[in-house]
Amino acid sequence: MHYWNNEGGMALVTRRALAGAAAAALCAALAGCGGSDAGVPTGATATLAILETTDLHFNVRSYDYFKLAEDKSYGFERTATLVRAARKEFANTLLVDNGDTIQGTALADYEAVVKTIPCTQQLSMYKAMGALGFDAGTLGNHEFNYGLPFLNQVLGGGLEVDGVDASQKCAGAGFPMVLANVYSAKTKKPLVQPYTIVERTLTGKAPDGSEVKAPIKIGVIGFTTPGIMNWDKRYLEGKLTTEGAVESANKYVPELRAKGANVVVALLHGGLDGAAYSPTMENPGLHLSKVAGIDAMVMGHQHGVFPDTAATPSFNLPGVDHKAGTVNGVPAVMASSWGKALGVVQLALRWDGSKWISDKTASKSALRTIQTGKDAAGKAVYVDADPGIAPLVEPQHQAAIQYVKTPIGTTDFRMSTLFADVGDPGAIQVVNQAQQAYVAAYIQASLPQYKDLPVLSVSAPFKSGFQGAADYTDVAVGPLAINNAADLYLYPNTVYAVKVNGADIQNWLEAAAKRFNQIDPAKTTEQALISSFPGYNFDMFTTPDVQYEIDVTQPVGSRIKNLTYLGKAINPAQEFVIATNNYRATSGKSFIDKLDGSGTIWASPDANRDVVIDYIRKHPSITRGANGTAQSWRFAKVKTAGAVVFSSGAGALSVAQAAGLKNVSLLAADDGTGKGTSKYAIDLSQ
Ligand code: MN
Ligand code: MG
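Residues numbered from 1 in each chain as written. Chains lettered and ligands numbered in written order. Predicted model: local features only at pLDDT ≥ 70, side-chain atom pairs only at ≥ 80, totals over all residues. Heavy atoms only, no water.

(A) Region of the structure containing the pattern of salt bridges. Counted by the stated rule, this structure contains 19 salt bridges. Glu89 is the partner of Arg368 in a salt bridge, and the nearest nitrogen-oxygen pair spans 2.9 Å. Of this pair, Arg368 sits in strand S18 (residues 364-369) while Glu89 sits in helix H3 (residues 76-89); the two residues are 279 residues apart in sequence, bridging distant segments of the chain. Lys594 is the salt-bridge partner of Asp504, the closest N and O atoms lying 2.5 Å from each other. Of this pair, Asp504 sits in helix H14 (residues 502-512) while Lys594 is found in the loop between helix H15 (582-587) and strand S32 (600-607), placing the two residues 90 residues apart along the sequence. Classification of Asp504 by relative accessible area gives buried; the value is 11%. Taking relative accessible area as the criterion, Lys594 reaches 29% and is therefore assigned partly exposed. (Salt bridge = Lys/Arg side-chain N within 4 Å of Asp/Glu carboxyl O. Helix = DSSP H or I, 4+ residues; strand = E, 2+ residues; numbered from the N terminus. Buried < 20%, exposed > 50% of the residue type's maximum accessible area, 1.4 Å probe, protein only.)

Written as C-alpha cells, this is what we have:
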C-alpha cells in the first residue's frame, strides 16, 4: 500500500506547482512524505513530461497583424490545445516557456510603446499563458528590447538595476522567471533568480505494476544570449553584465543540487552551434549539455526544430542525435517559434529507494506541431484554437489592429514589383536602403573589425506574380501604414550580414540571373523572358554605387557584364559586407559557397520587416526620387528578331512608364495563363 494513493484530494492539490511553504505544511501533516521513501519500492518508475514553448514572440492569436487576417499556421491559442492534450496524456507534466515571449507582433509593440499597458494589468501574452498555468520561464534576448523599466514592470517589479524602481509592484508574468547568466552591475547579483525549485508529487508505477506517488524537487535554471549587450546596448550598457552559459551552469547547477533538486531542467534561450565554446557564444547548447547535473534541456532562439524528423535534419553536428532526441545524451527539444510546436521531453525517472533520479537513456523527446497534416486538397490542417484564449485578449487585439492601420509615413509613388523583373526598383530600393543602414550602423557600433568595408544590400521581388495578378507588392500612393511593411517585405526573415569579395558578388548575381531564360536573338517567334527560377531568389542591388548588365543571350553563369563599383570595374579581391536575410545567408549555397552560413558575420535578431518599418519612421516621406529610381542593373542591349515577352498585372503599362521603363509595351490584355495577368513585351535593343 502506498501512502499517497490513499490521500483523497492530494493529487488535485499537488497537480500544480505548490509554493514551497504550502508543500512543506502539507507534508508535515502526512507521515512519510518529503524525502523519505513514502513506502515506494525501489525501482518504481515515472515519466515527467517537460512541455516547452519557445520564441512565442507575442503571437497569442493565430493572426497576422500585417495582413490583417487569420493565419492558423501559428499562435499560442493553438499551442494551448497541444498543452491541454499533453496534460491529459501524461500523469506528470511541467510547462515551461523559453523566452522571446514579449516582443514580435504589433500587439507587443502596442502594449509596450504605443499605449503602454498599466502596471496593474498583465501583458496580454502573459495573461493568455496564465490560462494554462506555466511553472517557470526564462528571458530571451527580445525581453530586453523595450528597456529595463518596462521589463521590471511586466515581470512585477524587483529588478535591482540603475534607472529602475525595483519596489514597483505590478501584475507580473504569473510564473517564476529564472536566468542565471545575467547580472545587475549595481548589485553584482543575478538580475532575476537564477533558478527555482518546483515541488511536485509524481505518479508512477511500482515494479509490480501498481500505482505509486512520491514527491520530487525539479530544479529549473535559465540562460540567455550574451548578445543582448550588443543588441540592446542603449538600454543595457553599464547596467547589466553577462556570463557564458557554461560558466553560470558550473556555478549554479551544483548549488541547485545541494538545495535538494532531484533533477535539473535547463532552459536555454539559445541553440546549437558546432563552434568551439566561448562565453559570448550565441548558441552554446552543445557545450551546456556537457555540464554535469543537467537532466534535460529545452532550447530556442534559433527558431529551429529539434529533434528534426526531416530527411536532411538541421543541426547536423557531432553529439546531436535526432533519433534519440538527445544532445550529448541529454534529452532536449527546440520547439520552433510562434507557437507552431510544443516541445515534449519525456524524462524517465526511477525511484532509487529514497528519491527520484533521471534515467536519460530511457528518456525521449519529440515535437508536436499544431499542423496535424493535410486535407485531400493538399491544404494544411491545424489543431483547433483553445476557445478560452482569444476572449482574454480581445480588446487589446482590436486596439492593435487599429494601431497597425495608423500611418507612419507617406509615399509619392506606387511602390510595386509589377515590373521588378525588367528593372523597376520601386518596391525593393527602400528594403535595401533600410537593410543597408541597419547593418552599417551595427558594424560601426559593434563590429569595429569590419568598419572599413563597404556595406551593400540585396533584396528580391518576393511577390512576382507566381500566384497570379494579386501576387505583386503594390503599395498605393498616399499614407504608409505599418501593415504595408508586410507587402514590401513578405517573409518573416531576419537581417543577416555576410562578408564576400568582388568575385563572390559577380557569382551571386550570376545565380540570381537564372531568373531569365536564355534568349536567342535570331529567333523570329515569341520568347518568354522569365524562367521558372523563383522571383524571391532574384537578388538585386538598387544603388548607384553598383552597376551591372544582365546579358540574357548568354547561358547561365556568363550573364553579368560590366560589373562596377563606384564607377570602376569591381576588384575581385575587394571585400564587402552585404546585408541580406537569414534564409539567403544560411541556405544560399547554390548562389555562392559562403552563403552556407560560413560567410555570416552578423546574424541580427531583428526582422527585415521591422527594419523597414523603422527606416520609414525615420524617413517618413518616401519619394520616387529618393527611394524608387536607383536601378543598379539593366539588360545588355541586343536586337532580337522576335518579341521577348513576360506576364505582369493586368493593364499596368502606366506603372512601367512611371518607372521610366520606355522599352516595355502591352501585347495582350489577357496573357492566356488564366491567372488574370497581361502579356507585355520588352525591347532589349533599347
Ligand atoms: Mn526569437
Ligand atoms: Mg532569441
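Structure shown, so let's carry the discussion forward.
(B) Spatial organisation of the coordination of the manganese ion (ligand 1). Protein ligation of the manganese ion (ligand 1) involves Asp55 (OD), His57 (NE2), Asp100 (OD) and His303 (NE2), the donor distances falling in the range 2.1 to 2.3 Å. The sequence pattern formed by the donor residues of the manganese ion (ligand 1) is D-x1-H-x42-D-x202-H. Between the manganese ion (ligand 1) and the magnesium ion (ligand 2) the interatomic distance comes to 3.3 Å, and Asp100 is a ligand of both metals. Residue Asp55 is located in the loop between strand S1 (45-53) and strand S2 (63-64), and its partner Asp100 is located in the loop between strand S4 (93-97) and helix H4 (106-114); the two are separated by 45 residues in the primary sequence. (Donors = N, O, S within 2.8 Å, 3.2 Å for Na, K, Ca; no water.)

(C) Local environment of unusual backbone geometry. Residue Pro307 follows Phe306 across a cis peptide bond; omega there is -5 degrees. By secondary structure assignment, the location of Pro307 is in the loop between strand S12 (305-306) and strand S13 (320-321). The phi dihedral of Ser336 falls on the positive side, at around 55 degrees, and the residue is not glycine. Its location among the elements puts Ser336 in the loop between strand S15 (330-335) and strand S16 (341-351). Under the relative-accessibility criterion, Ser336 is labelled buried at 10%. The backbone of Leu566 shows a phi angle near 50 degrees, a positive value even though the residue is not glycine. Structurally, the position occupied by Leu566 is in the loop between strand S29 (560-565) and strand S30 (568-569).

(D) Quick peek at helix H11 (residues 390-404). Of all the bends in H11, the greatest measures close to 40 degrees and is centred on Gln396. Listed in full, the buried residues belonging to H11 are Ala390, Val393, Gln396, His397, Ala399, Ala400, Ile401, Tyr403 and Val404. Of the surrounding elements, those touching the buried residues of H11 are S2, H3, H4, helix H5 (124-130), strand S25 (478-481) and helix H16 (608-618). (Bend = angle between axes of the 7 residues up to and from the residue. Contact = heavy atoms within 4.5 Å.)

(E) Representation of the environment of Ile221. Mapped onto the elements, Ile221 comes out in strand S8 (residues 211-223). Overall, the relative accessible area of 0% leaves Ile221 in the buried class. A sequence separation of 202 residues divides Ile221 from Gly423, and the C-alpha atoms of the two residues are 53 Å apart.

(F) Broad picture of the packing of H4 against H11. Running from N to C, H4 and H11 cross one another at 90 degrees; their axes reach a closest spacing of 9 Å. Taken together, the axes of H4 and H11 lie roughly perpendicular to each other. Here Ala106, Leu107, Asp109, Tyr110, Glu111 and Val114 of H4 lie close against H11, whose contacting residues are Gln396, His397, Ala399, Ala400, Tyr403 and Val404. (Axes fitted to C-alpha atoms, helices over the stretch in contact; angles between N-to-C directions. Parallel < 35°, antiparallel > 145°, perpendicular 65-115°, else oblique.)

(G) A look at the state of the cysteines. In this structure the tally under the stated criterion is one disulfide. Cys119 shares a disulfide with Cys170; S-S distance 2.1 Å. As the torsion about the S-S bond is roughly -105 degrees, the Cys119-Cys170 disulfide counts as left-handed. Placement of Cys119 in the loop between H4 and H5 and of Cys170 in the loop between helix H6 (148-154) and strand S6 (182-184) is noted, with a sequence separation of 51 residues between them. You can call Cys119 partly exposed: its relative accessible area is 23%. (Disulfide = S-S within 2.5 Å.)

(H) The packing of helix H12 (residues 429-446) against H16, seen in detail. Running from N to C, H12 and H16 point in directions that differ by 95 degrees, and their axes come no closer than 9 Å. Taken together, the axis directions place H12 and H16 in an arrangement best described as roughly perpendicular. Between H12, through Val430, Val431, Gln433, Ala434, Gln435, Ala437 and Tyr438, and H16, the contact on the second element is made entirely by Asn608, Val611, Val612 and Tyr615. Split by residue class, the contact of H12 with H16 holds eight nonpolar, three polar and no charged. (Nonpolar A, V, L, I, M, F, W, Y, C, P; charged D, E, K, R; others polar.)

(I) Structural context of the nonpolar core. One finds Tyr126, Phe144 and Val439 to be the most contacted residues of the largest nonpolar core, which totals 100 residues. If one sorts the elements of this core by residue count, H12 sits on top with eight residues. Trp508, Phe533, Ile560 and Leu563 belong to the second-largest nonpolar core, a separate cluster that totals 51 residues. (Core = buried A, V, L, I, M, F, W, Y, C linked by side-chain atoms within 4.5 Å.)

(J) Highlighting the side chain of Asp539. Position of Asp539 among the secondary structure elements: in the loop between strand S27 (527-528) and strand S28 (546-550). Within the structure, the side chain of Asp539 is placed 2.7 Å from the side chain of Arg584, a separation counted as a polar contact. (Polar contact = N/O pair within 3.5 Å; in protein donor to acceptor, adjacent residues only side chain to side chain.)

(K) Representation of the sheet that holds strand S35 (residues 644-649). Pairing is mixed in the open sheet, where four strands are placed in the order S27-S35-S37-S36. Each edge of the open sheet is held by one strand with a lone partner, namely S27 and strand S36 (664-668). Sheet topology note: the S27/S35 ladder contains two bridges and is parallel. The residue bridging Ala528 from the neighbouring strand is Val645, located in S35. (Pairing = 2+ DSSP bridges.)

(L) Region of interest: the environment of Ala522. Tracing the chain through its elements places Ala522 in the loop between H14 and S27. Taking the C-alpha atoms as reference points, Ala522 and Asp421, 101 residues apart in sequence, are found 23 Å from one another.

(M) Looking closely at the sheet that holds S29. If you trace the four strands from one edge of the open sheet to the other, you get S30-S29-S28-S34, paired in mixed fashion. Whereas interior strands pair on both sides, the edge strands pair on one side only; in this sheet they are S30 and strand S34 (633-635). Pairing of S29 with S30, which is carried by two bridges, proceeds in the antiparallel orientation. The residue of S30 that forms the bridge with Thr564 is Ala569. Of the strands in this sheet, S28 and S29 touch H14, which is tilted by about 135 degrees from S29.

(N) Quick look at the pairing of strand S19 (residues 371-374). Looking at chain direction, S19 and strand S20 (residues 380-382) are connected through three bridges and run antiparallel. Paired with Gln371 across the two strands is Tyr382, which belongs to S20. The loop that links S19 with its antiparallel partner S20 comprises five residues; one of these, Gly378, has a positive phi angle of about 85 degrees.

(O) Quick peek at the environment of Val664. Inspection of the secondary structure assignment puts Val664 in strand S36. Taking the C-alpha atoms as reference, Val664 lies 6.7 Å from Tyr680; in sequence the two are 16 residues apart. If near-sequence neighbours (up to four positions away) are discounted, Val664 is found in contact with Phe419, Val422, Phe646, Leu653, Ala656, Tyr680 and Ala681.

Everything listed here is a matter of coordinates, which is why it stays silent on function.
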